[in-house]
Amino acid sequence: MLAEVHEQDGYPVNWPDDPGGWLSGPTLLAAWVAELDGRIVGHVGLSRSAADDAAPALWSGREGVGAAAAAVVGRLFVAPAARGHGIGALLMARATQEARGRALHPVLDVVASDTSAVALYERLGWELLATVEQRWSPELTVTVRCYAAAG
């Protein structure tokens with residue numbers, strides 16, 4: 001399913017050498033999948049913040065707390081054929097609930113050109129912290145929008 005999303009939407013921007021490892025990286029706290037008619041059709045993860053994550057740093061600076069007080073919602077994707085059922089919103093709600101249950105504030109970043117994801121986060125009431133440039137490789141600089149959950 002991730003390969004299908006990558007082919008259709010360009011997410012992730014850089015195809016990982018190890019997709020399974022990319023989904024379950026070393027900072028992962030928890031992850032969930034969504035099923036529709038017995039098929040996995042969506043995924044989201046919740047991770048501790050890493051040193052190079054922009055959204056936790058922006059949020060923690062604004063709130064005057066350490067970045068460790070944030071949890072990063074990421075690796076959200078929904079199979080193209082399953083869109084329009086509210087799966088993305090349900091996965092976001094689950095990840096947000098888990099972060100709050102761990103006394104962490106949910107944050108995320110998204111490539112600015114991913115307008116459907118940006119629309120979802122804004123429709124769900126996430127607050128834009130900033131738009132920043134990130135260097136993902138020597139030849140790739142990407143504009144990302146950083147968000148924090150409301151409240």
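Residues numbered from 1 in each chain as written. Predicted model: local features only at pLDDT ≥ 70, side-chain atom pairs only at ≥ 80, totals over all residues. Heavy atoms only, no water.

Draft legend 1. Examining the confidence of the model for the protein more closely. On average, residues of the protein carry a pLDDT of 95, and 100% of them reach 70 or more. Here strand 5 (residues 127-137) stands out as the element of the protein with the lowest mean pLDDT, 93, in contrast to helix 4 (residues 87-101), whose mean of 98 is the highest. (pLDDT = per-residue confidence, 0-100. Helix = DSSP H or I, 4+ residues; strand = E, 2+ residues; numbered from the N terminus.)

Draft legend 2. Geometry of the pairing of strand 3 (residues 70-78). Within strand 3, seven of the nine residues are buried, which leaves the element mostly enclosed by the surrounding structure. Here strand 2 (residues 39-48) runs beside strand 3; their pairing, made up of six bridges, is antiparallel. Across the sheet, residue His-43 finds its bridge partner in strand 3, namely Phe-77. Handedness of the crossover joining strand 3 and strand 4 (residues 105-111) through helix 4 is recorded here as right-handed. (Buried < 20%, exposed > 50% of the residue type's maximum accessible area, 1.4 Å probe, protein only. Pairing = 2+ DSSP bridges. Right-handed = clockwise from strand over helix to strand, strands pointing away.)

Draft legend 3. Representation of the packing of aromatic side chains within the structure. Taken as a whole and assessed by the stated rule, the structure comprises four aromatic pairs. Plain terms: the ring middles of Tyr-11 and Trp-22 are 5.8 Å apart, the flat faces sit at 65 degrees to each other, and that makes the pair edge-to-face. One end of the pair, Tyr-11, is in the loop between helix 1 (2-9) and helix 2 (19-23); the other, Trp-22, is in helix 2, and eleven residues separate them in sequence. (Phe/Tyr/Trp six-rings, centres within 6.5 Å; stacked < 30°, edge-to-face > 60°.)

Draft legend 4. Representation of the nonpolar core in the model. Judged by nonpolar contacts, the single largest core of 27 residues is most densely connected at Val-73, Met-92, Tyr-121 and Trp-126. Taken together, the elements giving at least two residues each to this core come down to strand 1 (28-36), strand 2, strand 3, helix 4, strand 4 and helix 5 (115-123). For this core, the leading source of residues is helix 4, giving five residues. Beyond its immediate chain neighbours, meaning those up to four positions away, Met-92 contacts Val-73, Leu-76, Leu-108, Leu-120, Tyr-121, Leu-124 and Trp-126. Residues Ala-70, Val-72, Val-144 and Cys-146 belong to the second largest nonpolar core, which totals eleven residues. (Core = buried A, V, L, I, M, F, W, Y, C linked by side-chain atoms within 4.5 Å. Contact = heavy atoms within 4.5 Å.)

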